[in-house]
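Secondary and tertiary structure notes
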Amino acid sequence: AQSVTQLDSHVSVSEGTPVLLRCNYSSSYSPSLFWYVQHPNKGLQLLLKYTSAATLVKGINGFEAEFKKSETSFHLTKPSAHMSDAAEYFCVVSDTLINTGTASKLTFGTGTRLQVTL
Amino acid sequence: KAGVTQTPRYLIKTRGQQVTLSCSPISGHRSVSWYQQTPGQGLQFLFEYFSETQRNKGNFPGRFSGRQFSNSRSEMNVSTLELGDSALYLCASSILAGDGETQYFGPGTRLLVL
């Protein structure tokens, strides 16, 4: 069984300061990991994904995440927060199905609400 | 390329009624998944269709059903609506690429059950 734990339900940062959103995962197989962002009254937008090619993954809007197998973590970071980054962020795991090689079921964390202040 | 589209965007129903939601995937995508998002339960997987076949199913009652057509468009149906079915229903489409499968989400259909 797969699961995701987002360690903070709410994070508040000042504009221009670094962002760190923490995520730990549990997976039986070789996982694919994702971060999605959801702005108010919007759908989910893919920020970045990890699929074993490289442990440091760069995404859109200056976000990046590092896969650490020994710590079962996949934390999301950004060097400098912008007001437009204020949103809900979801860490997501998808087990790779052994027989098909495809991952078709996503398990979401509970989300971290990022607040950015002036 | 156009993204995932969902119709309608907003819907109000009363208890006991049924509802059908529609999802059009990104062109070329054959897999469509459905998720329910509520403040209390978060994002939960409903089911996934691939080439008109249900390939995966979450833990929802049989009142929730879906189907996929030959053009990959998908519908989900909820019968005998309950107040607790009020939620944002998200559809995602995906395609298998060299780096695995990635799901792209539509804007969702917000359902309110009165």
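Just so you know, these numbers come straight off a predicted model, no measurement behind them.

1. Let's talk about the overall build of chain B
Scanning chain B from terminus to terminus reveals zero helices and eleven strands. Moving toward the C terminus, one meets the helices and strands of chain B in the order β-β-β-β-β-β-β-β-β-β-β. By the compact-globule yardstick of 13 Å for 114 residues, chain B fits well, its C-alpha radius of gyration being 14 Å. Along the longest, intermediate and shortest principal axes, the C-alpha atoms of chain B span 45 × 25 × 25 Å. Taken over 114 residues, chain B has a buried fraction of 48%. The contacts of chain B with a sequence gap of at least 6 include a subset with a gap of at least 24, amounting to 54%. Accessible surface for chain B amounts to roughly 5400 Å². Of this, 50% is attributable to carbon and sulfur atoms. Counting 11 positive and 7 negative side-chain charges, chain B places the averaged centre of each group 6 Å from the other.

2. Description of the interface of chain A and chain B
Every contact between the two is made by 18 residues of chain A and, on the other side, 22 residues of chain B. There are zero salt bridges connecting chain A and chain B. In this structure, the connection of chain A to chain B is made through four residue pairs in polar contact (both at pLDDT 80 or more). Residue assignment for the side of chain A that touches chain B shows that the elements contributing at least two residues are strand E5 (31-38) and strand E6 (44-50) of chain A. Taken together, the residues that form the side of chain A that touches chain B break down as eight nonpolar, seven polar and three charged.

3. Points about the packing of aromatic side chains
In this structure the tally under the stated criterion is 14 aromatic pairs over all chains. When the centroid spacing of 5.5 Å and the interplanar angle of 50 degrees are considered together, the rings of Tyr35 of chain B and Phe105 of chain B count as tilted. Residue Tyr35 of chain B is found in strand E4 (residues 31-38), and its partner Phe105 of chain B is found in strand E10 (residues 100-105); the two are separated by 70 residues along the sequence. Three or more aromatic residues link up through ring pairs in this structure, and these residues are Phe34, Tyr36, Phe90 and Phe108 of chain A together with Tyr35, Phe45 and Phe105 of chain B. Lying across the ring of Phe50 of chain B, Arg55 of chain B places its NZ or CZ 4.5 Å from the centre.

4. Looking at the sheet that holds strand E8 (residues 74-78) of chain B
All names here are of chain B. Pairing is antiparallel in the open sheet, where four strands are placed in the order E1-E3-E8-E7. Every interior strand has two partners, whereas the edge strands, strand E1 (5-7) and strand E7 (64-68), have only one. Going across the sheet, the axis of each strand differs from the next one's by a mean of 20 degrees, ignoring polarity. For strand E3 (residues 19-24) and E8, the ladder comprises five bridges, and the chain directions are antiparallel. Bridged to Val19 within E8 is Val78.

5. Topic: the side chain of Ser22 of chain B
With respect to the secondary-structure elements, Ser22 of chain B resides in strand E3. Not counting chain neighbours up to four residues away, the residues in contact with Ser22 of chain B comprise Thr5, Gln6, Thr7, Trp34, Arg73, Ser74 and Glu75 of chain B.

Reading guide: rules and limits
- Residues numbered from 1 in each chain as written.
- Chains lettered and ligands numbered in written order.
- Predicted model: local features only at pLDDT ≥ 70, side-chain atom pairs only at ≥ 80, totals over all residues.
- Heavy atoms only, no water.
- Helix = DSSP H or I, 4+ residues; strand = E, 2+ residues; numbered from the N terminus.
- Rg over C-alpha atoms; globule rule 2.2 N^0.38 Å.
- Buried < 20%, exposed > 50% of the residue type's maximum accessible area, 1.4 Å probe, protein only.
- Contact = heavy atoms within 4.5 Å.
- Areas by Shrake-Rupley, 256 points an atom, 1.4 Å probe, with all protein chains shown as cover.
- Lys, Arg positive; Asp, Glu negative; His and termini not counted.
- Charge placed at Lys NZ, Arg CZ, Asp CG, Glu CD.
- Salt bridge = Lys/Arg side-chain N within 4 Å of Asp/Glu carboxyl O.
- Polar contact = N/O pair within 3.5 Å; in protein donor to acceptor, adjacent residues only side chain to side chain.
- Nonpolar A, V, L, I, M, F, W, Y, C, P; charged D, E, K, R; others polar.
- Phe/Tyr/Trp six-rings, centres within 6.5 Å; stacked < 30°, edge-to-face > 60°.
- Lys NZ or Arg CZ within 6 Å of the ring centre and 35° of its normal.
- Pairing = 2+ DSSP bridges.
- Axes fitted to C-alpha atoms, helices over the stretch in contact; angles between N-to-C directions.

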